[in-house]
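Structural overview for review
Here is how the chains run, residue by residue.
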Amino acid sequence: HLQTNIRTDQELQSLSVAKLLEKIVAKENPTLVLLGKQAIDSDAGQTASILAGLLGWPQAGSASQVTLDDTKTMITVAREVDAGIQEVQMPLPAVISADLRLNEPRYATLPNLMKAKKKPMEVIKADSLGVDLAPRVQVLKVEEPPARAGGKKVADVDELLDKLRTEAKVL
């Protein structure tokens with residue numbers, strides 16, 4: 001468990017999270033780091049890519065299926081892209097961000113919840129890792145987009161082409 005002094009109304013940005021995770025990876029020395037696709041607060045989806053860059057490891061995003069080869073040195077990741085399913089293969093260690101299709105959620109039973117409460121959990125204070133958690137990006141303002149003009153009906157193809165040439169100036 002990584003503990004910070006940041007209040008719930010303050011933002012912990014993707015770069016800071018990636019730097020904290022980099023320190024944890026250096027301590028734990030895993031061969032695979034599996035992260036969610038994006039955060040629920042900023043919806044940025046950047047932490048996995050930044051972490052992979054900091055570590056110098058390959059990264060696959062939006063994984064819907066992960067397969068480890070027999071030698072346990074290569075990993076194949078199926079990921080959804082606009083054109084369908086893309087498969088990428090990369091060496092371990094690696095960073096993967098998960099898509100919601102990667103697994104079927106399970107719900108913990110009461111006996112397992114009670115067992116989990118008894119297990120020790122290491123609490124690491126973020127201050128002890130020497131990472132500056134100050135925000136690097138500041139939102140200056142948020143504006144609504146301008147209202148769109150209503151659509152126009154045309155009688156035929158000739159009128160459509162005429163409007164595209166004279167009004168929209170796209171032809």
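Described below are features of the structure shown in this document.

What counts, and at which threshold
Residues numbered from 1 in each chain as written. Predicted model: local features only at pLDDT ≥ 70, side-chain atom pairs only at ≥ 80, totals over all residues. Heavy atoms only, no water. Helix = DSSP H or I, 4+ residues; strand = E, 2+ residues; numbered from the N terminus. Buried < 20%, exposed > 50% of the residue type's maximum accessible area, 1.4 Å probe, protein only. Contact = heavy atoms within 4.5 Å. Core = buried A, V, L, I, M, F, W, Y, C linked by side-chain atoms within 4.5 Å.

**With respect to unusual backbone geometry**
Note the cis peptide between L92 and P93, where omega equals 5°. On the secondary structure map, P93 appears in the loop between β5 (84-91) and β6 (94-98). If you check the backbone angles, K72 has positive phi at about 60° while not being a glycine. Here K72 is to be found in the loop between β3 (59-68) and β4 (74-81). Phi is positive for K169, which is not a glycine, with a value near 55°. Its place among the elements puts K169 in the segment after α4 (157-166).

**Details of the environment of A98**
Along the chain, A98 turns up in strand β6. Since its relative accessible area comes to 18%, A98 is described here as buried. Separated by 19 residues in sequence, A98 and R79 place their C-alpha atoms 9.0 Å apart. Not counting chain neighbours up to four residues away, the residues in contact with A98 comprise L34, L35, G36, K37, S62 and A63.

**Points about the nonpolar core**
Core analysis: the biggest nonpolar cluster contains nine residues, these being A18, V25, V33, L35, A48, L51, A52, W57 and V95. Mapped by element, the contributors of at least two residues to this core are α1 (14-28), β2 (32-36) and α2 (47-55). Take this core: its biggest share by element is three residues, from α2. Once residues within four sequence positions are removed from consideration, L35 is found in contact with L21, T47, A48, L51, V95, I96, S97 and A98. The next biggest cluster of nonpolar side chains, apart from the first, holds eight residues, and it includes I75, V77, L92 and I96.

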